[in-house]
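Descriptive analysis of the structure
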Amino acid sequence: MKPQLLKVSKDVVDSFSARQDTLPDVNNRWHYHPEVELVYFKKGKGTQFIGDSISPFLTGDIVLVGSNLPHYWQFDNIFFQKHADITTDVSVVHFNENFWGDLFLNLPENMSIRTTLERSKRGLHIRSPFGENIGCLIEKIISAEGTRKIILLMEVLIAICECGESSLLASIGFQNNFQESEKDRINAIYNYSIANFKKQITLEEIAEVANISTNSFCKFFKSRSRKTYSQFINEIRVGQACKLLIDNKLNIKEICDESGFNNFSSFHKHFKQMKGKTPLSYQKSFLGSDK
């Protein structure tokens, strides 16, 4: 499925860009760009699509997305409600891998930075609270000037490399080999799926959203994503379940219902297949690490 090539805005003063976003709909579409993207979610949560990975992102998380790796962050609906007393606060940094010169990363002293950028090609995710100190450094980049700005970016990349809690997102075999003519279809599919995953979405229904026949949709989706639409929608549901398990405000039965699964058996089966553990084990491992 075709992500959109996004041109990252630059200025003539800085060698890379850093900004703070307080709106949940900034670049909330399936896109990619040659720049590496570093994101700190100081406030906000939702579902993230990185390559072929679907998972929740939460307040305090940090994500490093490598060059030309398609990505898309969809904040939860509550952040779009006009009267909700909930805001987003996201720090975003974009930079070219070689903005500091072609020879810089090949210096032996910079092996940790080179390793971090190499791993970012699959997307790196650091969960809160392990990334809190890194998040503070990322915020400082936005207001820093001159050489200090570059030094802070180096410190962040080194800290990510040294963090033992970072996880890879996209599968090792993922490739961005999309066709230009398909660039808008993925956004329609993603947006509709995210808005309606709690109900049963028929193939006829999603094929109509994609503006192709049912048979064509099945072949199109499988050939581009290497998964069936059923697998895709269940990944979204499991991602929702992960967020609810971490929030720890609902019981397992309620989480099953709120995630769009028809019954607990199906919920348990798909969750364990995708996460390698039961919902309760996942919740205990996460909440245990957060103490």
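Presented here is an overview of the structure given in this document. (Residues numbered from 1 in each chain as written. Predicted model: local features only at pLDDT ≥ 70, side-chain atom pairs only at ≥ 80, totals over all residues. Heavy atoms only, no water.)

1. Observations regarding the overall build of the protein
Here is the rule: Put simply, DSSP marks the helices as runs of H or I at least four residues long and the strands as runs of E at least two long, and each gets a number from the N terminus on. Put simply, the radius of gyration uses C-alpha atoms, and a globule should come to 2.2 Å times the residue count raised to 0.38. Computed by Shrake-Rupley with a 1.4 Å probe, the accessible areas treat only the displayed protein chains as cover when residues are assessed. Positive charges are assigned to Lys and Arg, negative charges to Asp and Glu, while His and the chain termini are left out of the count. Charge positions are represented by NZ for Lys, CZ for Arg, CG for Asp and CD for Glu.
Regarding its fold elements, the protein presents 10 helices and 11 strands. Taken over C-alpha atoms, the radius of gyration comes to 19 Å for the protein, in line with the 19 Å a tight globule of 291 residues would show. Each principal axis of the C-alpha distribution contributes one length, and for the protein these read about 55 × 50 × 40 Å. Approximately 14500 Å² of the protein is accessible, and the part contributed by carbon and sulfur atoms is 50%. With 36 positive and 33 negative side-chain charges, the protein shows a spacing of 6 Å between the two charge centroids.

2. Considering the pattern of salt bridges
To keep it simple, the criterion reads: We define a salt bridge as a contact between a side-chain nitrogen of Lys or Arg and a carboxyl oxygen of Asp or Glu at a distance within 4 Å. The rule is simple: take the accessible area with a 1.4 Å probe, protein chains only, and divide by the maximum for that residue type; under 20% is buried, over 50% is exposed, in between is partly exposed.
One pass over the structure, following the stated rule, counts 11 salt bridges. One salt bridge in this structure joins Lys199 and Glu205, with 2.6 Å as the shortest N-O distance. Using a relative accessible area of 35% as the deciding quantity, one classes Lys199 as partly exposed.

3. Quick look at the sheet that holds strand β10 (residues 124-126)
In any sheet, the strands associate via hydrogen bonds between backbone groups, in a parallel or an antiparallel arrangement. This is how it is decided: We call two strands paired when DSSP finds no fewer than two bridges between them. A fitted line through C-alpha atoms serves as each axis, taken over the contacting stretch for helices, and the angle formed by two N-to-C directions is quoted from 0 to 180°.
If you walk across this open sheet you meet the six strands as β2-β9-β4-β7-β10-β11, and the pairing is antiparallel. Of all strands in the sheet, those with a lone pairing partner are β2 (17-21) and β11 (166-168), marking the two edges. Neighbour to neighbour, the strand axes of the sheet diverge by 15° on average, direction disregarded. Relative to β10, strand β7 (residues 62-65) is paired through three bridges, and the arrangement is antiparallel. Residue Ile62 lies in a different strand from β10, and its bridge partner there is Ile126.

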